[in-house]
Amino acid sequence: MEETPQQRPEPHDGGIAERLNWLRAAVLGANDGIVSTAATVVGVAGVTNTLAPILVAGTAAVVGGSVSMALGEYVSVSSQRDSQQALIEKERQELREDPEGELLELAGLYEQKGLTPETARRVAVELTEHDALAAHLAVELNIDELEVVNPWHAAFASAAAFAAGAVLPLLAILLLPAEIRIPVTFAAVLVALSITGAVSAHVGGSSRRRAMIRLVIGGALAMAFTYLVGTLLGTTGIA
């Protein structure tokens, strides 16, 4: 028997979009960790082949970058959370003060979605009897009270993604022999950026080729520039 559209499981869960955003943020955090740490260690390697300063600079880049990413994400998501909670409290207060007006507003919103006035009124009444606040939040504001963003989760996830991305260039520059560490690090970083670019494009539904080219070119320029600066400083004796 042919499956009807009603029988197919559709991904209407409101949390899917949020999970995709988290995945996209994790990929971007990993990209930052790869590029910034690689640029730092390659720049120092342009000055000296000694592992100690490369290790110190790389470790500082990982720690500083992770903390910076976590702090930035915490502040950003905290602001978003405060806005969501303010909207939820405002809607809760409106329901207490004018329940009939809110019912008419909900019915009107369903009419705008294409329902007849009678059907819209019936849907609004049934949803209000079930959970008035949830109904208004979903239709008016596209908010689920149970899925308000958590700034601590965002901060830890961002820091972890940055640190995970930073591991590759740091290990490559430290574990390889001096004569090949820079070109191999370049190659490893560009391959990693190609992969994360493809993943981010897949998540966002955009062109993989464009995303990969952007990241590879950007990462290559960042490493080339810092390596050039390190080499020039080392040559002039400033570093």
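Before reading further, recall that the structure is shown in the block above.
Fair warning: this is a prediction, and the values are worked out from it, not measured in the lab.

Peer 1: Explain the overall build of the protein here, please?
Peer 2: A count of helices and strands for the protein gives seven helices and zero strands. Each helix and strand of the protein, ordered N terminal to C terminal, gives the series α-α-α-α-α-α-α. Of all 239 residues assigned to the protein, the portion counted as buried reaches 33%. Across the protein, every contact between residues at least 6 apart in sequence was considered, and the portion connecting residues at least 24 apart equals 72%. Counting only carbon and sulfur atoms, one obtains 64% of the accessible surface of the protein, whose full area is about 13,900 Å².

Peer 1: Help me out: how do you make sense of the pattern of salt bridges in this one?
Peer 2: Two side chains that carry opposite charge are able to pair once their charged atoms sit near each other. A complete count under the given rule lists four salt bridges for this structure. When the shortest N-O distance is used, the salt bridge between Arg 96 and Glu 89 registers 3.8 Å. Salt-bridge contacts for Lys 90 lead to Glu 94; the nearest nitrogen and oxygen are separated by 2.6 Å. Of this pair, Lys 90 and Glu 94 both sit in helix α2 (residues 51-97), four residues apart, which is roughly one turn of that helix. Overall, the relative accessible area of 48% leaves Lys 90 in the partly exposed class. On the basis of relative accessible area, Glu 94 is assigned to the partly exposed category, the value being 22%. One network of salt bridges, with partners in common, ties together Glu 89, Arg 92 and Arg 96.

Rules used in this analysis
- Residues numbered from 1 in each chain as written.
- Predicted model: local features only at pLDDT ≥ 70, side-chain atom pairs only at ≥ 80, totals over all residues.
- Heavy atoms only, no water.
- Helix = DSSP H or I, 4+ residues; strand = E, 2+ residues; numbered from the N terminus.
- Buried < 20%, exposed > 50% of the residue type's maximum accessible area, 1.4 Å probe, protein only.
- Contact = heavy atoms within 4.5 Å.
- Areas by Shrake-Rupley, 256 points an atom, 1.4 Å probe, with all protein chains shown as cover.
- Salt bridge = Lys/Arg side-chain N within 4 Å of Asp/Glu carboxyl O.

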